Amino acid sequence: MSATTTNPRHSTGGTPVPPARKRNSLAKGKLPKWAIWAVAAGAIIIGAAASTLTGFNIAAFAIYSAIIFLVAATIITTVVEGKRRGTNAMWTYLIYACFIVALIPLASVLYTVLEKGLPGINSHFLFSSMNGVTGAVDNQSVNDGAPVVGGAYHAVMGTLLITLWATLISVPVGMLTAVYLVEYGQGKTLSKAITFFVDVMTGIPSIVAGLFAAAFFGMILGPSARMGIVAAVALSVLMIPTVVRSTEEMLKIVPNELREASYALGVRRWRTILKVVVPTAISGIASGVTLAIARVIGETAPILVTAGIASQINMNVFANWMSTLPTFIYYQIMNPTSPTNVDPSVQRAWAAALLLILMVMALNLIARLVASIFAPKKGR
Amino acid sequence: MAKRIDVNDLNVYYSKFLAVEGVSINIEPKSVTAFIGPSGCGKSTFLRTLNRMHEVIPGGRVEGQVLLDGDDLYGAGVDPVTVRSQIGMVFQRPNPFPTMSIKDNVLAGVKLNGTKISRSDADDLVEKSLRGANLWNEVKDRLDKPGSGLSGGQQQRLCIARTIAVKPDVILMDEPCSALDPISTLAIEDLINELKNDYTVVIVTHNMQQAARVSDKTAFFNIAGTGKPGKLIEFNETSAIFSNPEQKATEDYVSGRFG
């Protein structure tokens, strides 16, 4: 295989094409498909050898192989196919490498959480709380080899309730703000101010939002006011800017023609917004809201300072302390139930982490589903 | 049904920019009036002032009078929503509501306003409007399918059906065929001829043959140069505009010697 690749259409006899043209003047040399795999195999072998020289470890092996492959593949492609193709090959493989590097943490996190969390997931863990589970109980289960007792049901419920209330607060506020910004406030000073403050809000650290909510409710209800709704307010401070931003973007891309079509039918402005503009954008808005939820569901610090920590089931967001999955994980790791035997606590923490990841993934899937359900119908 | 429009010395502004200056025109009921002229001469802008759609654009305002059967559209206390429900509009690009079915698109003017309508009345209105727009036979079996699945020409006729479903007195059309193929254009032109029996139709077009084919009267707008306001140059019977125009500018434009 070389630069003299012939065009098969010309080389096969019998067809009425001009004979004796062995080489297509437009064609350049082309590497056969197996060549790049051969280079990869060679790079891996040389990389393994090189890393053994300096004491074998998997990271050095991967890095050496990748560098050798990149250089070799670039040189070979340049020699056979030309300079432009060579540059193209170099960037292509460089981008693949970056993609793999970006994927490593994700794969690693998923693997670790699954490996450590799966043993702790069972119906007892899912449907019971930490109520009555003390250090003595943990010590006993370690010494006797009995199954770990105590679960995260209260934390799951706390997560769901606090996030639900945070959503109930931030979606109306955020959506109405976005509607004002896009439909009514174009170019007005107030809308410019709102946009600026929404940008500022986006940058508020989550612990500051937590402290704000704690201080605000502390001022009204007394210094020890900690309950689910306070946490929900803290989370909604974090959610609102995200909801405003995503809704605003979605409303902006609704074609102006649709608004004009509605006005031209003698439809009032608020009805146009309610019945034409928002329905057209609803799929994007819904997925934006779901992503905002997914973002705040994993917050730890603002929950700790606003809802405290609890080991029993509390379904009332307006009274008493509450746990969520992130605070549950934090406490199980930082303050193990039994200081002498931490394994049961660690196992519960990893199981809760897995549960949290699953909940966020489910939310993302729901977002896609919602988007496709609400999307303007296609087809005939 | 079918009212007359009289415009007295109308100036149209975008903020401080005078876009159209000093237009006076009388549009007869149950007639088709075509506006022709080069791009940017203000004929679409002027058309949009006839149902107060111009002021939807930030900074858009007018000076002068537009009378619908003697009532000033821009008089004190006139609700633009009332004006628009009596003077409907069809746009350049077909714009059916993407979230609605064909049927809901036709009923949009009624339903979006929150008016209660019984199922049988709604069905009658849908059929009548779609028949009025020459679309009934093509869509009667798929009224619940989305309007965006129709072809461009069908979508435009759907938009016309949507406009006549609110029973306006006047229908304004802003280059309704410029995004359509010749066959769909023919369908719309036939429809305009039929609409003339019940409505006053005003149409903006770039296509002079179209103006000659469909309109009774033609208005020629022109602009002296960039940044200058557009003006009404000549308004007369269509046959006179195309065969025997009074103004030199009109003759140059309709004979293709413009510019």
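Residues numbered from 1 in each chain as written. Chains lettered and ligands numbered in written order. Predicted model: local features only at pLDDT ≥ 70, side-chain atom pairs only at ≥ 80, totals over all residues.

1. What about the overall build of chain B?
What chain B contains, in helices and strands, is 11 helices and 10 strands. Computed over its C-alpha atoms, the radius of gyration of chain B comes to 18 Å, within 12% of the 18 Å expected for a compact globule of 259 residues. Here chain B holds 259 residues, and the buried ones make up 47% of them. When contacts within chain B are restricted to residue pairs at least 6 apart in sequence, those whose partners lie at least 24 apart make up 69%. (Helix = DSSP H or I, 4+ residues; strand = E, 2+ residues; numbered from the N terminus. Rg over C-alpha atoms; globule rule 2.2 N^0.38 Å. Buried ≥ 20, exposed ≤ 12 C-beta atoms within 10 Å, placed from the backbone. Contact = placed C-beta atoms within 7 Å.)

2. Notes on the overall build of chain A
Helix and strand counts for chain A stand at 15 helices and zero strands. C-alpha extents for chain A along the principal axes are approximately 95 × 75 × 40 Å. Within chain A, buried positions represent 34% of all 380 residues. Within chain A, contacts between residues at least 6 apart in sequence are counted, and of these 75% link residues at least 24 apart.

3. A few points about the domain arrangement of chain A
Looking at chain A, the domain boundaries give domain 1 (31–118) and domain 2 (153–373). On the domain 2 of chain A side, the residues contacting the five residues of domain 1 of chain A number five residues. (Domains from an automatic or database assignment.)

4. A look at helix α3 (residues 58–81) of chain A
Residue and element names in this part refer to chain A. The terminal C-alpha atoms of α3 lie 33 Å apart, and with 24 residues this matches the ideal 34 Å at 1.5 Å per residue to within 8%. Tyr64, Ser65, Ala66, Phe69, Ala73, Thr74 and Thr77 are the residues of α3 that are buried. Residues of α3 that are buried make contact with α2 (33–53) and α4 (83–117). One or two residues past the end of α3 sits Gly82, with phi positive at roughly 110°. (Expected span 1.5 Å × (residues − 1).)

5. Description of the pairing of strand β3 (residues 32–36) of chain B
All names here are of chain B. Within β3, five of the five residues are buried, which leaves the element mostly enclosed by the surrounding structure. Alignment of β3 against strand β8 (residues 200–204), held across four bridges, turns out to be parallel. Bridge pairing in β8 places Ala34 opposite Ile203. Two elements, β3 and strand β9 (residues 217–223), share four bridges in a ladder whose sense is parallel. Bridging across to β9, Ala34 finds its partner in Thr218. (Pairing = 2+ DSSP bridges.)

6. Observations concerning the confidence of the model for chain B
Predicted confidence across chain B gives a mean pLDDT of 90, with 99% of residues reaching 70 or more. Here the complex is predicted with pTM 0.80, and the ipTM for its interfaces comes to 0.88. (pLDDT = per-residue confidence, 0-100.)

7. Looking at unusual backbone geometry
Most peptide bonds take the trans form, and the phi angle of most residues other than glycine is negative. For Asn320 of chain A, which is not a glycine, the phi torsion comes out positive at approximately 65°. Mapped onto the fold, Asn320 of chain A is located in the loop between α13 (301–307) and α14 (325–334). Assessed through the 14 C-beta atoms surrounding it within 10 Å, Asn320 of chain A is described here as partly exposed. Positive phi, normally seen in glycine, also occurs at Asn134 of chain B, with a value near 55°. Tracing the backbone through its elements, the reader meets Asn134 of chain B in the loop between α5 (119–132) and α6 (136–139). You can call Asn134 of chain B partly exposed: it has 17 C-beta atoms within 10 Å.

8. Points about the interface of chain B and chain A
Across the boundary between the two partners, chain B contributes 26 residues, which contact 23 residues of chain A. Looking at the side of chain B that touches chain A, the elements that each hand over two or more residues are α2 (80–86), β6 (87–90) and α4 (108–111) of chain B. Take the side of chain B that touches chain A: its biggest share by element is three residues, from α2 of chain B.

9. Here's the deal with the environment of Lys16 of chain B
Tracing the sequence through the fold places Lys16 of chain B in the loop between β1 (5–14) and β2 (17–27). As for Lys16 of chain B and Asn244 of chain B, which are separated by 228 residues in sequence, their C-alpha atoms are 37 Å apart.

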